[in-house]
Amino acid sequence: MNHPPPLPGCGCKPPSPPSRQASGYLMQQILGSGQIHRRCQCYTLSLCSLPCDAEAPFLLTNAAIAGQPTWQEVPCHEQDAIVLRVQLPLCLSLQDRYGRPIRIQDQMEEQLRLHIHRPDHPSWQGQVMLQAAVRLCRPARACREGPVEAALEVLIQAYLVSYCPVSVPAPCPRPEQKPWYPQPHPYCPD
């Protein structure tokens with residue numbers, strides 16, 4: 001990046017280019033973690049946004065995460081834990097009486113406990129990272145009037161991470177008088 005020369009008499013210098021040798025970098029450190037793994041548990045899902053022309057009965061054929069999970073912290077009385085209320089946006093795939101595919105959005109909620117591994121580090125300086133997956137265990141029948149009971153497998157993993165500086169070791173000094181590689185001997189005719 002080229003900078004214009006400074007104006008005469010202003011006493012400013014153009015900014016110096018960044019140095020090529022970094023003295024360190026930031027690395028994520030895991031301060032706490034938690035996980036929920038529910039295998040084939042029944043959840044009540046609402047079918048509130050069905051299209052008007054869809055005819056009952058419906059068959060729920062698939063359930064998946066439809067976006068990034070959101071969370072809110074819930075009061076917790078434990079010293080080394082944080083409790084999160086996690087909202088999972090879902091995409092539900094259904095078929096109506098005639099086998100026409102229908103996709104609707106829904107949301108489910110779970111509570112997750114994050115166990116703090118480093119109680120000496122202030123947790124408010126951390127960042128929560130969530131990963132979630134939802135899978136339908138078996139198809140479920142549903143009517144238009146009410147919610148559907150679906151057997152889902154739910155996996156939520158949460159990490160409380162903090163960025164900490166890590167220094168880079170200095171490069172090994174190389175003696176200037178010795179080359180890196182052996183040099184060929186010069187040809188000397190006698």
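Okay, so let's go over this structure. Model, not experiment: these values are computed from the prediction.

**Some remarks on the overall build of the protein**
Then comes step 1: Each helix and strand in the protein was counted, giving 0 helices and 8 strands.
Then comes step 2: The order of α-helices and β-strands along the protein, N terminus first, is β-β-β-β-β-β-β-β.
Then comes step 3: Taking the contacts inside the protein whose residues are at least 6 apart along the sequence as the reference set, 76% of them involve residues at least 24 apart.
Then comes step 4: On the protein, roughly 13,800 Å² of surface is accessible, and the fraction owed to carbon and sulfur atoms is 54%.

**Describing the nonpolar core**
Side chains that are nonpolar tend, in soluble globular proteins, to be buried together.
Then comes step 1: Core analysis: the largest hydrophobic core is formed by 36 residues, its most contacted members being Leu92 and Leu152.
Then comes step 2: Those elements giving two or more residues to this core turn out to be strand E1 (24-45), strand E2 (58-65), strand E4 (81-95), strand E5 (101-116), strand E6 (127-136), strand E7 (140-142) and strand E8 (148-167).
Then comes step 3: Residue contacts for leucine 152: discarding those within four places in its chain leaves Arg38, Arg39, Cys40, Gln41, Tyr43, Leu45, Ala63, Met108, Val134, Arg135, Leu136 and Cys137.

**With respect to the environment of glycine 67**
Then comes step 1: Within the secondary structure, glycine 67 sits in the loop between E2 and strand E3 (70-74).
Then comes step 2: Classification of glycine 67 by relative accessible area gives partly exposed; the value is 34%.
Then comes step 3: As a C-alpha pair, glycine 67 and cysteine 91 span 24 residues in sequence and 8.9 Å in three-dimensional space.

**Some points on the pattern of salt bridges**
Then comes step 1: Enumeration according to the criterion identifies 6 salt bridges in this entry.
Then comes step 2: Ionic pairing is found between glutamate 110 and arginine 38, a salt bridge with its closest N-O pair at 3.1 Å. Placement of glutamate 110 in strand E5 and of arginine 38 in strand E1 is noted, with a sequence separation of 72 residues between them.
Then comes step 3: When the shortest N-O distance is used, the salt bridge between glutamate 109 and arginine 85 registers 3.6 Å.

**Quick look at the pairing of E3**
Then comes step 1: Pairing between E3 and E4: 5 bridges, direction antiparallel. Across the sheet, residue tryptophan 71 finds its bridge partner in E4, namely valine 86.
Then comes step 2: Counting the residues that bridge the hairpin from E3 to E4 gives 6 residues.

**Here's the deal with the pairing of E2**
Then comes step 1: When E2 meets E7, the two strands line up antiparallel, connected through 3 bridges. When the bridges of E7 are listed, leucine 60 appears paired with alanine 140.

**Structural notes on a nonpolar patch on the surface**
Then comes step 1: A cluster of nonpolar side chains, namely Tyr25, Met27 and Val168, defines an oily patch on the protein surface of about 280 Å² accessible area.
Then comes step 2: When you line up the elements, methionine 27 lands in strand E1.

**Re the side chain of serine 93**
Then comes step 1: You can see serine 93 is positioned in strand E4.
Then comes step 2: Setting aside its immediate chain neighbours within four residues, serine 93 contacts Leu59, Leu60, Thr61, Asn62, Ile102 and Arg103.

**Focus on the side chain of glutamine 157**
Then comes step 1: Position of glutamine 157 relative to the elements: it lies in strand E8.
Then comes step 2: One polar contact links glutamine 157 to glutamine 35, side chain to side chain, over a distance of 3.2 Å.
Then comes step 3: Excluding residues within four positions of it along the chain, glutamine 157 makes contact with Gly34, Gln35, Met129, Leu130 and Gln131.

**Focus: the environment of isoleucine 36**
Then comes step 1: Tracing the backbone through its elements, the reader meets isoleucine 36 in strand E1.
Then comes step 2: What isoleucine 36 contacts, discounting residues up to four positions off in sequence, is Glu110, Gln111, Leu112, Val154, Leu155 and Ile156.

How each quantity is defined
- Residues numbered from 1 in each chain as written.
- Predicted model: local features only at pLDDT ≥ 70, side-chain atom pairs only at ≥ 80, totals over all residues.
- Heavy atoms only, no water.
- Helix = DSSP H or I, 4+ residues; strand = E, 2+ residues; numbered from the N terminus.
- Contact = heavy atoms within 4.5 Å.
- Areas by Shrake-Rupley, 256 points an atom, 1.4 Å probe, with all protein chains shown as cover.
- Core = buried A, V, L, I, M, F, W, Y, C linked by side-chain atoms within 4.5 Å.
- Buried < 20%, exposed > 50% of the residue type's maximum accessible area, 1.4 Å probe, protein only.
- Salt bridge = Lys/Arg side-chain N within 4 Å of Asp/Glu carboxyl O.
- Pairing = 2+ DSSP bridges.
- Patch = residues over 30% accessible without salt bridge, like charges linked within 9 Å, V, L, I, M, F, W, Y side chains within 5 Å.
- Polar contact = N/O pair within 3.5 Å; in protein donor to acceptor, adjacent residues only side chain to side chain.

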